[in-house]
Each structure stands twice: as C-alpha cells, then as structure tokens.
Amino acid sequence: MTSPTRPVRILLVDEEETLTHVVRLALELEGWEVATVHSAAEALADRSRPDIVLLDMMLPDGLGTDVVAAMRAAGSRAVVIFVTGRTEHEQRAAAYAAGADGYLTKPFSLEEVVDHLQVAVRRLGLAPSNRVAGDLILDVDAGMAWRAGEMLPLTSLEFELLRELVERGAAKPTTSELVRAVTARGIRIPLEFVTRMLARIRAAVNGVGQPLLVGDDAGWRLG
C-alpha cells in the first residue's frame, strides 16, 4: 500500500492572463503545482507531465478540442477539464468526443473549480487521504474506491473491509482477522454477512482488469 508522495501537477491553458493568474493563485493555495500557458501550441509543447489540464475552448491559435485530441493521440492520460464560456450543447459534446473528462462554463467561482479538481485528484490517487495498491485507489475521507479510474459499487461496510486489506499490504489476513481489525476501529459488521461482503468486494475489484483480490476465509490478499 502506498500513499501520495508528490504534489498534484496542473496545466492551465487560457489566453486571459488575468484569469489564469487568479486561478493559479487559488490552486497553489491547495498545495498543487500549477503551470500556465496561453495558446494551443504552448499547451502541446509543454513537458511538465500534468496530472490535470484546465483547458479553454477558444485559444488564439486553435480549438481546445484539437489540443485534447492531440494529447490523447500522443498517449496522455491526464484528466482534461474544459473551463470555457461556450455553453452550447454541441461544444460540450465535441469536448467529450475529443477526450475531455469534464466541462465547466464561465462565469464560475474559484470554489467551484477547486471542488471539481478535488474530485479528480481523489480519483487519480493523489489526495492525502488516498490509499493506493496498483491501480486500486481508496479515498478514506470520501469512502470511495476506484480501479483503473472506474468507481467500485461498494457499501460503506464493504469499503472498510477493502480498506483494511489495502492497509495491510502484503499480509494475508483471515476473514476473522479482518473483522476484528474493523471492529477495533468502531465499525460493527454482522458476522453472518461477512463472507458474502468479501465475495462482493472480490467481484467488484476483479471486475475491472486482471484479478487483483484473491482469497477465502483462510486468507485474503491483494496482488
């Protein structure tokens, strides 16, 4: 199990220098590293390897949709969120078709932008409350889990069992040990449901990609 060890890297692409300055200050207050560029050419030439890109639709030398399409063609897996004054359905559809992950329209509040990014940061496994095992990401504060970017449909009790497994790393606890550990944190799980819950957790985790969670009542492990 690992936890985030570096700040989030964000690339802000907008020709309005006053806007980028204000947004950059707000994002840096969150502890994130922010680079700013003002054109499509600069965005595509950037080598900061951002985790998240905030991208305007209308740039002085091209469209934001062309930028994100080129990024995806080059293999970029950054979360791309459009921040634009274009509110038409066609523009929104074009953004998602090109490979965007989100779409915010101007005018917006800085709190709205930060809240939107916080969701992306948690999903990327870069929030302080994240626990990471391979491509499995848990957010302890939010009680949410993702694998390969896909949210896992877990109940709150199932999440706590999975959290215990992730935090134990290479150990192979039995079902009884998992229940005792979760109970010690003040979480009560009906014993008659534990086996069924663990089977559901295994199905959810292994339903995305190669099997990651294996085991039975004699012992469970990730990896």
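Scroll up a little and you will see the structure.
Residues numbered from 1 in each chain as written. Predicted model: local features only at pLDDT ≥ 70, side-chain atom pairs only at ≥ 80, totals over all residues. Heavy atoms only, no water.

A.B. asks: Got a minute to help me understand the sheet that holds strand β7 (residues 102-105) in this structure?
C.D. replies: Through backbone hydrogen bonds, the strands of a sheet pair up, either in parallel or in antiparallel fashion. Spatial strand order, β2-β1-β3-β6-β7: 5 strands in an open sheet with parallel pairing. Of all the strands in the sheet, just β2 (33-37) and β7 have a single pairing partner and so form its edges. Neighbouring strand axes in the sheet, compared pairwise and without regard to direction, differ in orientation by 20 degrees on average. Sheet topology note: the strand β3 (residues 52-55)/strand β6 (residues 79-84) ladder contains 4 bridges and is parallel. Note that in β6 the partner of isoleucine 52 across the bridge is valine 79. This element, helix α3 (residues 64-73), spans β3 and β6 of the sheet and lies at about 175 degrees to β6. Set on the sheet, helix α5 (residues 110-124) makes contact with β1 (9-13), β3, β6 and β7; between it and β3 the angle comes to about 150 degrees. (Pairing = 2+ DSSP bridges. Helix = DSSP H or I, 4+ residues; strand = E, 2+ residues; numbered from the N terminus. Axes fitted to C-alpha atoms, helices over the stretch in contact; angles between N-to-C directions. Contact = heavy atoms within 4.5 Å.)

A.B. asks: Can you walk me through the environment of threonine 36 in this structure?
C.D. replies: Note on placement: threonine 36 falls in strand β2. Other than its neighbours up to four places away in sequence, threonine 36 contacts Leu12, Thr20 and Arg24.

A.B. asks: Please clarify how the side chain of arginine 147 should be interpreted in this entry.
C.D. replies: Relative to the elements of secondary structure, arginine 147 occurs in strand β10 (residues 144-147). If near-sequence neighbours (up to four positions away) are discounted, arginine 147 is found in contact with Asp135, Leu136, Leu152, Val205, Asn206, Val208, Gly209, Gln210 and Leu212.

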